[in-house]
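So the chains spell out like this:
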Amino acid sequence: MLRKYLKYGIIVFISSIFGFFTSSYEYFKFVSEINLVDFANLVITSLIGLFIAVTIQKHQANERIEKDLLISEISQIKNDLKTIYTTVLNENIDFSDTVFTFKISSSNLSNLEDLFKICQINDCKNNISSLLNKVNQLKRIVTNSPVQNNKFIITDDDKNLFFVEYKKLTELFLELIVKINRK
Amino acid sequence: MEKTLKISKDFSPTPGARYRTDGKFSGQEFYETVLKRCFEEILKLKYKLKIILDGTHGYATSFLDEAFGTLAKDFGVDVVKNNVVFISEEEPYLVNEINEYITNAHS
């Protein structure tokens, strides 16, 4: 709080010194008259400036909301897939849950393409295709394995392959989030 | 003319894994009890078979590979491709995935 007031104090102090020196400068002459044309000019220019500032701010706020929406959707899919990663890590891959999570994640990724279109972001199509391919690849590694007691039994080779591909998937997610954020 | 086969309704909303030994509603069971019979029927009638994939809990790769790969092995890749149409609104990428299993069954 004190720092904030100190900052304002410094600004007022510097402005006062600046004002004192500029008013003492011989080329500045203050006339106690108001020119109506100049005054109208000043008001209109200020209003135009204000209008531009408000419009830009509103536009930026809208863009931010859209970006946040896209990023939250992507994060949700990323988190859903993380649950599969955990089950593979713990070698406790429930058949129904895994198949359902892959379905929902892939379906949401496909829907994301439409959301990008609505937000008029057209250059992320390749990113989503890469993500869909990678999710499909992970799905094949896990759900092509044999099943015992309603659980997928995954080999060590497949498990290692899954981890390698999952890391690539995470990178693709982050790449897309950064791309959206920098727009 | 075409005959429609909706997996969630005509077989199960929770398709299983590859073989009967893996558990209930396997790809093998689907092929032997539903798909093969349906496909033979449409070939006789010179209909097309429309397979609707939506409405299930999701598909394991092993289920799709077993069911449609076996169909292609038994009847031929081209016969299957020319007579079956896959529909999926929920998971549009599944159509390409299944076509891949059908094509690979040939080699």
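Residues numbered from 1 in each chain as written. Chains lettered and ligands numbered in written order. Predicted model: local features only at pLDDT ≥ 70, side-chain atom pairs only at ≥ 80, totals over all residues.

Details of the interface of chain A and chain B
Thinking step 1. With 18 residues of chain A at the interface, the matching set in chain B holds 16 residues.
Thinking step 2. Going through the elements one at a time, helix 3 (95-118) and helix 4 (125-143) of chain A are the ones with two or more residues in the side of chain A that touches chain B.
Thinking step 3. Among the elements that make up the side of chain A that touches chain B, the one with the highest residue count is helix 3 of chain A (nine residues).
Thinking step 4. Tallied by class, residues from the side of chain A that touches chain B come to seven nonpolar, eight polar and three charged. (Contact = placed C-beta atoms within 7 Å. Helix = DSSP H or I, 4+ residues; strand = E, 2+ residues; numbered from the N terminus. Nonpolar A, V, L, I, M, F, W, Y, C, P; charged D, E, K, R; others polar.)

Focus: the sheet that holds strand 3 (residues 151-152) of chain A
Residue and element names in this part refer to chain A.
Thinking step 1. Taken in spatial order, the three strands of this open sheet run 1-3-2, and their pairing is antiparallel. In this open sheet, the two strands that pair with only one neighbour each are strand 1 (93-94) and strand 2 (147-148).
Thinking step 2. In terms of strand pairing, strand 2 meets strand 3 through two bridges, oriented antiparallel. The residue of strand 3 that forms the bridge with valine 147 is phenylalanine 152. (Pairing = 2+ DSSP bridges.)

Looking at the confidence of the model for chain A
Thinking step 1. In this model, chain A carries a mean pLDDT of 90, and residues with pLDDT of at least 70 account for 97%.
Thinking step 2. Within chain A, the element-level pLDDT minimum falls on helix 1 (residues 2-24) of chain A, averaging 82, and the maximum on strand 1 of chain A, averaging 96. (pLDDT = per-residue confidence, 0-100.)

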